Every structure is written in C-alpha cells, then in structure tokens.
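Coordinates in review
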Amino acid sequence: MAESPEEVAVLVQRVVKDIRNAFQRNPHIDEIGLIPCPEARYNRSPIVLVENKLGVESWCVKFLLPYVHNKLVLYRQRKQWLNKDELIDITCTLLLLNPDFTTAWNVRKELILSGTLNPLKDLHLGKLALTKFPKSPETWIHRRWVLQQLIQENSLPSLVTKGNLGAAPVERIHRLVQEEMNVCSEAAGRYPSNYNAWSHRIWVLQHLGKLTVKKNGKGLVLFSVEMEKTGLVLLDELSSTKYWVSMHVSDHSGFHYRQFLLKSLIGRTVTDNNVLVQNQIVNEQNPSLQKEEESAGAEAACAEEQSLDLPRHLEEELELCTELIDSYPGHETLWCHRRCVFYLQHHLSNKIPLLSAVVSSVDSSDETLNNSHHSPATSPMAQAMDIDGLNESSSKQGYTQETKRLKRAPMQDSFGPEVEYRFIDKVLSTCRDADQARFATAYRKWLVTFLGQ
C-alpha cells in the first residue's frame, strides 16, 4: 500500500485515469458506490465496473479524496496549474466522493460557460452523485443551474450548433423534464423525506413544465411559456406520484408535493375563470371576435375541462387518505395531509360559487341561462353545479366558450364537516392503535377550530 507522497501521487493519478476510462468504456453508468475493502488485497485497480455500476474500493478513498481536494484548492489559489482535461477529471473524481464540495461545482460551471464542458454531461454526473448521496444540496443547486443554462435564450444557438439539443428541441425539453422526474423519484426513494429532491421537482414544474419551443424570424429556437398545457402536466404528476406516496406513508415531503399540485391546480383554475369572464365581456362588446375565439379554443377545451374538474380530484385525494389511514394506522403524515385536502375543499367550495356568480351575471342576457332552473332558494353549491344550464341540444354542439366553465362543485353529501366527523368517530370506535386515536382526536380539534373561525 502506498505511504510516501510520491507513491500516493502515483496511486491517485492511476485511479483518476481508471475512472475516466470507465466512463469512456461505458457512458451509460447509472450508479456508483463504495465496495467495503479495508486494504488492497490484489495488485489491481480499485475501480470496478460491472455492467452499468461503478464501484470504488473503500481502501483507496483515504488517499484519493484528500489528494484531489488539495490539488483543486491549490488550483483555485493559483498556486498550481491544471489544464482543462485535468480539471474535468479531478472535479469528476472529487464530486463522486464528496458532491457537497462547492468549489468543484463552481469550477465545472466555469468550464461550461467557456464551452469546454457539455452541460448534459454535468447532469449525468450529478445523477450519479445522487445515487450515493441523494440529499446532497449542492448537487441539486448545481443541477438547477445547468438546466437554466439549457433553457436560456442566449445559449440556445450555440447548444444547437454543438448538437446538444439535437434536431428536435421539443422532444429534448420533454426528455429533460422526464429525466428530472426520474432522478427525483430515485433520490426520494433512496433517502426518506428527501425534501431536496421534492423541492427540485417543484422547481422543474415551475420552470420546465410550462415550456414549449418556437422559432423566430431568424430561425433561432426560443423557449416560451404555454399555460394551456400546465393543468395536464399537473394532473399527470398527481397521477404518477399516487403509487409512490401509497408505498411511503410516512414521507411528508411526498405528500407535500401532492399538496403543491392541488394548490397549483386550484390557482390555475381560478385564474383561467377570471380570464374567461374578461374574454366574455370583450366578446359581448365585439361579437365578431367571439366565433374566432371559440374555434381557436375548441381543441384545448376537452383537455382543459379535465383539469377544471377539481372537486373530483380533491374527493379522490380524500378517498386516498381514508384508504391509507385505514390500512396503515398511526402515521401522522396521513392525518396532516387530510387536513390540507379538507382545507382545499373548503377553500374551493367558497371560490367556485363566487366565480360562477360572476359568470352568470356576465351572461345574464343569455337565453339558456335565463331559462335555467335556478331559484332564489337554491344554495350556492347547487348554483355552482348548474351554472352552465346546457340543454340536450346545446350539449351536442361540441365545445364552446360555454363548456369551458366550471361544471362541477363539491357535492354537499360527498364531503363536509359531517362526513369528516363520521370518519373520525369510525376510526376512534374501531382502532386499537394509541397513536391513531391521538391523531384522530387532534384532527377533530383542528376541525372544530378551523370551522369555528
């Protein structure tokens, strides 16, 4: 085993070279790890590559990590010169062993900005580091920085020229989003309550999930925001994470992500309906614009209608909470999530009647609405349910501006305080778990406090 500084330098240089060769032989490496090995038993490389897995024998880490760390620090202090290839190899080795070393990521940022390093390779390096250190905050921060470089308008012409984005930028964006979702899911599964991974997933939705690709007059590819598809992306995420949270009932970060999705859907629905009211006012003033607007939005109406059916999604979420609480008693995370879902239902039930009242006031001259079966004694819930007032013939005419409204509101018998109180009573009367009874009692107290405000 190496002991003198000269022997250590020779060993480290050989290991760094072996790591570089491993990536060259197999660019599809998808996981790294340490192989427990107190000492070198054979005269061979400590780098082991089996299929797509890269292993480092643990005995060499105590020599490898301090050496590359000190060498990079000397470079930053301008006491030692390293060429670009050496910087790439040293920072790669260092970050695979210690991804929270900010200086190494900053060096790679400089290499990306200078055009020396492909940003997609840094995404791959970060993905590998997260297989060993799934909660590394510096890795997630650098990953977001790299993604920002990929979507910046000024960097696109050079990236397209280099072939990084390929011939189909739209597909490249979709692949980037899907890849980030997969990385987040894997990291969340490797470390419990990995809020760094779930926060990154939220960031991806906010910055990449809304992007589409357009071309300007000069033929350059530009990114823009397409709000119409946001609801479908949120619904797809809500569906794809349902199984994950069902298998990790104590992971609050995963349920918090679903709360973010539900809140985003509600916020988007309220915004869309405010825009709808404004457009209807403009259409009444300019009747010639109404037909053009209806035909332009006909294709998006079907997809948009699904995202507007929020009461059903909230009811399904509450049913999921009920099933998980019954199946896995004594998990506080499930009760906290139930509080949030009930709060969102209560919030939505107050929002929908107000929006519907505004829409009905705008269209008060519409004959269909004038002949609807509303009465002064009808409750706001029922008014929200019947706000469209479409008859049999109008429902067969396809999607128009009328059908883009909120068509459902929470049914009074599908949710409400009475249903929640009955559920609590059932849990308290049947459960044998002390924690389950304590959480149910705390939820009842919260309901009393919340509804009494």
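Here, the structure is the one placed above.
A quick note: this is a predicted structure, and the numbers were derived from the prediction, not measured.

**Things to note about the side chain of threonine 93**
Assignment of secondary structure puts threonine 93 in helix H3 (residues 84–97). Of the residues examined, threonine 93 reaches a relative accessible area of 1% and is grouped as buried. Excluding residues that lie within four positions of it along the chain, threonine 93 makes contacts with Val16, Ile19 and Leu64.

**Looking at the pattern of salt bridges**
Scanning all chains against the criterion turns up 15 salt bridges. When the shortest N-O distance is used, the salt bridge between glutamate 31 and arginine 190 registers 3.6 Å. Of this pair, glutamate 31 sits in strand E1 (residues 31–35) while arginine 190 sits in helix H8 (residues 169–190), and the two are 159 residues apart along the sequence. With relative accessibility at 26%, the residue glutamate 31 sits in the partly exposed group.

**Looking at the nonpolar core**
In terms of nonpolar packing, the biggest core is built from 91 residues, with Phe23, Leu72, Leu96 and Trp335 touching the most fellow members. In contact with leucine 72, other than residues within four places in its own chain, are Leu87, Ile90, Thr91, Leu94, Phe101, Thr103, Ala104 and Val107.

**Regarding the packing of aromatic side chains**
For the structure on display, the rule yields eleven aromatic pairs. Each ring, one from tryptophan 198 and one from tryptophan 244, has its centre 5.0 Å from the other, and the planes form 75°; the classification is edge-to-face. Placement of tryptophan 198 in helix H9 (residues 195–207) and of tryptophan 244 in helix H11 (residues 242–247) is noted, with a sequence separation of 46 residues between them. Residue tryptophan 198 shares its accessibility class with tryptophan 244, and that shared class is buried. Across the ring face of tryptophan 145, the terminal group of lysine 109 is positioned such that the distance to the ring centre comes to 5.5 Å.

**A look at the sheet that holds strand E2 (residues 47–50)**
If you walk across this open sheet you meet the three strands as E1-E3-E2, and the pairing is mixed. With one partner strand each, in any of the chains shown, E1 and E2 form the two edges of the open sheet. Taken over all neighbouring pairs, the strand axes of this sheet differ in orientation by 25° on average, direction set aside. Relative to strand E3 (residues 53–57), E2 is paired through four bridges, and the arrangement is antiparallel. Bridge pairing in E3 places leucine 49 opposite leucine 54. Across the sheet, helix H1 (residues 5–25) is in contact with E2 and E3; its angle to E2 comes to roughly 15°.

The rules behind these values
- Residues numbered from 1 in each chain as written.
- Predicted model: local features only at pLDDT ≥ 70, side-chain atom pairs only at ≥ 80, totals over all residues.
- Heavy atoms only, no water.
- Helix = DSSP H or I, 4+ residues; strand = E, 2+ residues; numbered from the N terminus.
- Buried < 20%, exposed > 50% of the residue type's maximum accessible area, 1.4 Å probe, protein only.
- Contact = heavy atoms within 4.5 Å.
- Salt bridge = Lys/Arg side-chain N within 4 Å of Asp/Glu carboxyl O.
- Core = buried A, V, L, I, M, F, W, Y, C linked by side-chain atoms within 4.5 Å.
- Phe/Tyr/Trp six-rings, centres within 6.5 Å; stacked < 30°, edge-to-face > 60°.
- Lys NZ or Arg CZ within 6 Å of the ring centre and 35° of its normal.
- Pairing = 2+ DSSP bridges.
- Axes fitted to C-alpha atoms, helices over the stretch in contact; angles between N-to-C directions.

Purely spatial values, then, with no claim about function.
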